[in-house]
Amino acid sequence: MKRILPILSFILLTVSQIRAQENRSPLPEGPAVTALSLYPNPASSYITFDLKKGYQKGLTITVFNFLGKKMIETPNVNEKTTLTLTDFNRGVYIYHLTDLSGKVIDTGKFQVSR
């Protein structure tokens, strides 16, 4: 009798997890639409951000290191913006493209290798 309770608990937990996973909505199909592209990646001395056509002016690119420290913030970016990476150490960096209201339009990562 003492063995039945743990076994029943395990079965109920497993069934509830399976049902919870069945109720999840599927991921959208197709490639994700990005607002910009960047190159070269990995970068060594500079990185260039190219905005896709049709995006409004007044956007800001903010780059964070992997620990979350803000490394650089560039307001009012052009269609093609190049950032120098002289103050960046080797590693992975995260960028956010935000609009005037602060809403994140696009985010991604790039690598600096020296």
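Computed from a prediction, not measured in an experiment: that's the story for all the values here.

Here is what the cut-offs are and how they apply
- Residues numbered from 1 in each chain as written.
- Predicted model: local features only at pLDDT ≥ 70, side-chain atom pairs only at ≥ 80, totals over all residues.
- Heavy atoms only, no water.
- Buried < 20%, exposed > 50% of the residue type's maximum accessible area, 1.4 Å probe, protein only.
- Helix = DSSP H or I, 4+ residues; strand = E, 2+ residues; numbered from the N terminus.
- Pairing = 2+ DSSP bridges.
- Contact = heavy atoms within 4.5 Å.

A. Just the pairing of strand S2 (residues 46-51), in detail. Burial of S2 is extensive: five of the six residues sit out of reach of the surface. Turn length for the strand S1 (residues 36-39)-S2 hairpin, with the two strands adjacent in sequence and antiparallel, is six residues. Summarising the sheet, S2 and strand S5 (residues 80-84) pair through five bridges and their orientation is antiparallel. Considered in S5, the bridge of Ile47 is made with Leu83.

B. Main features of the environment of Val92. With respect to the secondary-structure elements, Val92 resides in strand S6 (residues 91-98). On the basis of relative accessible area, Val92 is assigned to the partly exposed category, the value being 33%. Placed 19 residues apart in sequence, Val92 and Gln111 show a C-alpha to C-alpha distance of 4.4 Å. The contact partners of Val92, leaving out residues within four places of it in the chain, are Asn65, Phe66, Lys109, Phe110 and Gln111.

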